[in-house]
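A structural walkthrough
What follows is each chain in one-letter form.
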Amino acid sequence: MARVAMALLGLVASATAFIEIVERPMMLYSTVSPKLRIQSKEPAFANIPADHIDLKFTPSLKPGAYNLSVVSDTVISLALRSGKKWGNPHTTDGMTMYLDSLTMNGGANMLQDEKEVAKIIPTPTIKRAADTVIYTQGTSKLVINGTNFRPKEMELMFDPPLVKDKDYILSVKSSTSMVLTRTTGTKWRDEPGPLKLRRINTGAGALRIDPSFGGIVVAEVQADLGAHGVTVESTPDEKFYQSQGSLIIIGEGFNETKNTLRFANGLRGKGVNYTTVEHSKTQIKLDLAKKSRWRANPANLPGPLVLLAVDAGAGFVPVGPTEAKKGRTVATIFEDPAVNKNMKTIYRTHTHQIWVTGSGFTKAPQYSTTITMDPPLEVGEDYSLVVYNRTHMLLSLFEGKSWKDSEGKLKITHMNTGGGQFPVKNGVQIATVKSDAEDHPSGVTVTRTTQTLYQTAAIRKLVIQGSGFTDDTDLTFDPPLEKNKDYTQRFVDANKLVLSLKKKRKWRWEGGPLLVKTIDVGLKSGEIKVGSGGQGIQVANILFDPTVEESERIIFASHTRRLVIRGTGFSLEGTELTLSPTKRTAYEIESLEMTEIVLLLNEGEQWADVGEGKSEHIYVTKVDTGAGEVMMDDVIVAKVEADADDNDCDDSCEWALDGVCDDGSGKGRYWYDDDFGGFYAYDDDYYGYGYYYYGDDDFLAPVCDPGTDCTDCGGPATADTPPTECDNTCQWANDGFCDDTRTSGLCDEGTDCHDCGPVGASNFSTWDDDGWWDDDDNYWDIDDTFDYGDEKKESEDAGAGGVFMSILEGMVYVVGAVVCGGGTYVAVKFYKGQQVPYLPAVQDGSETELIDQSTGRANVPITPDVTYT
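Worth saying up front: this structure is predicted, and the values here are computed from it rather than measured.

Below, the discussion takes up the overall build of the protein. Of regular secondary structure, the protein possesses four helices and 55 strands. A sequence separation of at least 24 residues applies to 66% of the contacts in the protein between residues at least 6 apart.

Below you can see the structure in the form of structure tokens.
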């Protein structure tokens, strides 16, 4: 009687209001997670017998798959029965389980809409690998195979213990394979013995791995052999062209009869790409094979030839930090230089410049290109040479010099772009030289000059020299200039005119030569052509007006080694800056582009003498790109702070100043190494050989201690660092889980805005402990509840977005009504035995059951070398 009364009370309660379920989607392994708990916001299950509660889920979960119990007034628990599954997720991303219906005592559905209650992911398995042998420090990588690995939220527990990101770097390659890369200076085990994997967590909790809860062996660790002591010296000063040279590798511990090498770009030995011709304990000599190259991709040269590992008889031993794939630079490789043939006509003295095209040209100041010409001409004495890029260089004839004493071909016979003299086969013609045109019978001439002027800066005047000038001389320029509009002209004598540029006018709208095409001195003959072949004659070289971009980039007095100054109009032939207060002797120009200059601080110098707690600006006061000093309005290019101001950063890392942040303090959780242009696996695996770190190109880890690669990592953080912005640049943004530094730390703070909320106004969920799950299953390894962060308050004004959502909701209801109506129609037709339109015939037959109902076990073969969790 009492049971009936309670049921009636429950029925009355259920008829009064809907039950509001808390959406806390639990992560469940499809076959082994023991319980699913469902909680209501208000007491709803008081005095309700468990067998009076009926649930329906999507995907379908039959009541026979679980035992339901009422835990409290607000919580019910579903315990998975032996041999049953929560679901069958088809990918490692898993599947979401929704609670569609909750009825009590046979009443109506008490849910207003479906609720997300679980995320089901496939159960991971590990493949035993007791026959895999690795060495304590001689082996850099360990591959673990299994099933259902997930790239995110992978946690492993080893015996003896190994700490992720300290002892090894984990990279999940696929759902069946993961790679552990041992970090520099660590060991797989202190003593030889088995390495066991005891627990694995792919997102739904840490699971113990059999046998007998001690884990399974994933590798047998053995002591390092003598050949594991191989070391290699970096020798970047060994310079070769792609297709030339014999390489000598210097180091210790080499085998005296045979050594196998692994290069970053996949070079192969045994005559494929090179032949090893000499072995000793301290050096290995390689000869390049015919028609082969040390490095294949010319676009990324000059660049290093990197040796990753050496096998001296005990397996491959990394010669650099494995977690950053640094290796050792054993040579610097240059592109084979080439020159394109050109038969263009030039004149002995009247032609002022020649463009030379080809490939493999290198630029100053890091490298320089020199050429040998036939007939001989000396750079710096007869002409200047400026390389603009790897395919174009410009030769400019000095004033009073000639390209050739007589008519004929002008050739380049040799080039040196950094790897030594390189012969140009048979010499390549770059021009056809002809004699200058005869002077006009009147004796009026214009002399070719190479004076240098800025576009507008009135530092120098344009001086025209020649003969036969008069006070009424008119000149025709290319590009066009108009007398008394663009410039004023002063007659000095019959051999000299002085032109002054007017305000707000330019000699040229862009840099380049200024030519005189014709001259008119008032003779009956009128305009007289000057120069040869109608080309005119050069009277000046016009440079861009230099500008400097203002910047308050924070640098430190001596810890910051490089200062980047950006602007326009910098000359590749040479640009000098005057800084204040930095002295010129304190730095060298490391690189020079038309829009950027990089200054490198000399040892023992500092950018400015700054007291502790103070700062000082660096100004550019003057710029000289070749036409004289241009006064600047004290443009700020940096803000110098004392080294002692919250700054313990230096460049003591072995790989400092290589353009790549190697100490982990740079932005991002991943560090891509682009030394000298390009990923080696992508740009140079020309020979189809397995890259030593094959499959590992998407992940690199810091190899140096924090704060030891100051310049490359942008210097230490300061109080002036702008606040973190909120964006969704995280690799795992918009997946429903907060992944920035406030939780898992997979991404930078503020880069998973959708899932975490703005910094300081978080809306993310964090794991807590007791009360939500229980720990009564002995193989479960985590505690079980999670609390919520501050909930977002709904805006009182829905706005346009709210209106749109209301319309969308209405459309969903309409579509749902149509589908339900159609379904009802088909069901009625089918029930009455009438023909149902478009309903396919039902085929007889059955599929093999996945579960053996007699034993409750999975009806799948279990191989001896696989252990299931």
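Having seen the model, we can carry on.
All right, on to the packing of aromatic side chains then. Within the structure shown, the criterion is met by 11 aromatic pairs. Between the aromatic rings of phenylalanine 263 and tyrosine 274, the centroid separation amounts to 5.8 Å while the plane-to-plane angle is 75 degrees, which identifies the pairing as edge-to-face. Of this pair, phenylalanine 263 sits in strand S20 (residues 260-263) while tyrosine 274 is found in strand S21 (residues 274-279), placing the two residues 11 residues apart along the sequence. Residues phenylalanine 263 and tyrosine 274 agree in their burial class; the two are buried. Connected via pairs of aromatic rings, a cluster forms that spans Tyr241, Phe334, Tyr367 and Phe422.

One can expect most non-glycine residues to show negative phi and most peptide bonds to be in trans. Between threonine 58 and proline 59 the backbone carries a cis peptide bond, its omega angle lying at -5 degrees. Geometrically, the link from aspartate 159 to proline 160 is a cis peptide bond, its omega value of 0 degrees lying close to zero. Phi is positive for lysine 504, which is not a glycine, with a value near 65 degrees. Structurally, the position occupied by lysine 504 is in the loop between strand S39 (496-501) and strand S40 (512-520). Judged by relative accessible area, which is 83%, lysine 504 ranks as exposed.

This part covers the sheet that holds strand S36 (residues 462-467). The strands making up a sheet are joined through hydrogen bonds of the backbone, oriented either antiparallel or parallel. Strand order in the open sheet formed by four strands is S34-S36-S39-S38, and the pairing between neighbours is antiparallel. Strands at the two margins of the open sheet, each flanked by one partner only, are strand S34 (445-446) and strand S38 (487-493). Relative to S39, S36 runs antiparallel, the two sharing four bridges. Looking at S39, one finds that valine 463 is bridged to valine 498.

With that settled, consider the sheet that holds S21. Overall, antiparallel pairing links the four strands, which are arranged S17-S19-S22-S21 in an open sheet. At either margin of the open sheet sits one strand with a lone partner, and together these are strand S17 (231-232) and S21. As paired strands, strand S19 (residues 246-252) and strand S22 (residues 283-288) are joined by five bridges and run antiparallel to one another. Opposite isoleucine 248, over in S22, you have lysine 285 as the bridge partner.

Here the focus is a nonpolar patch on the surface. Together, Phe804, Met805, Ile807, Leu808, Met811 and Val812 give the surface a local cluster of nonpolar side chains, amounting to about 600 Å² of exposed area. Looking at the secondary structure, you find valine 812 in helix H4 (residues 799-831). By relative accessible area, which is 52% here, valine 812 ends up exposed.

Bridge count between strand S11 (residues 155-159) and strand S14 (residues 193-201): five bridges; the pairing is antiparallel. Counted as the bridge partner of leucine 156 is isoleucine 200 from S14. Two elements, S14 and strand S16 (residues 216-222), share five bridges in a ladder whose sense is antiparallel. Residue pairing for S16: lysine 196 is matched across the bridge by valine 217. One ladder, built from two bridges, connects S14 with strand S15 (residues 207-208); its direction is antiparallel. Across the sheet, the residue bridging to isoleucine 200 is leucine 207, located in S15.

Relative to the helices and strands, threonine 202 is located in the loop between S14 and S15. Contacts of threonine 202, omitting those with residues within four sequence positions, involve Tyr29, Ile121, Pro124, Asn148, Arg150, Lys152, Glu153 and Met154.

Cut-off values and rules
Residues numbered from 1 in each chain as written. Predicted model: local features only at pLDDT ≥ 70, side-chain atom pairs only at ≥ 80, totals over all residues. Heavy atoms only, no water. Helix = DSSP H or I, 4+ residues; strand = E, 2+ residues; numbered from the N terminus. Contact = heavy atoms within 4.5 Å. Phe/Tyr/Trp six-rings, centres within 6.5 Å; stacked < 30°, edge-to-face > 60°. Buried < 20%, exposed > 50% of the residue type's maximum accessible area, 1.4 Å probe, protein only. Pairing = 2+ DSSP bridges. Patch = residues over 30% accessible without salt bridge, like charges linked within 9 Å, V, L, I, M, F, W, Y side chains within 5 Å. Areas by Shrake-Rupley, 256 points an atom, 1.4 Å probe, with all protein chains shown as cover. Salt bridge = Lys/Arg side-chain N within 4 Å of Asp/Glu carboxyl O.

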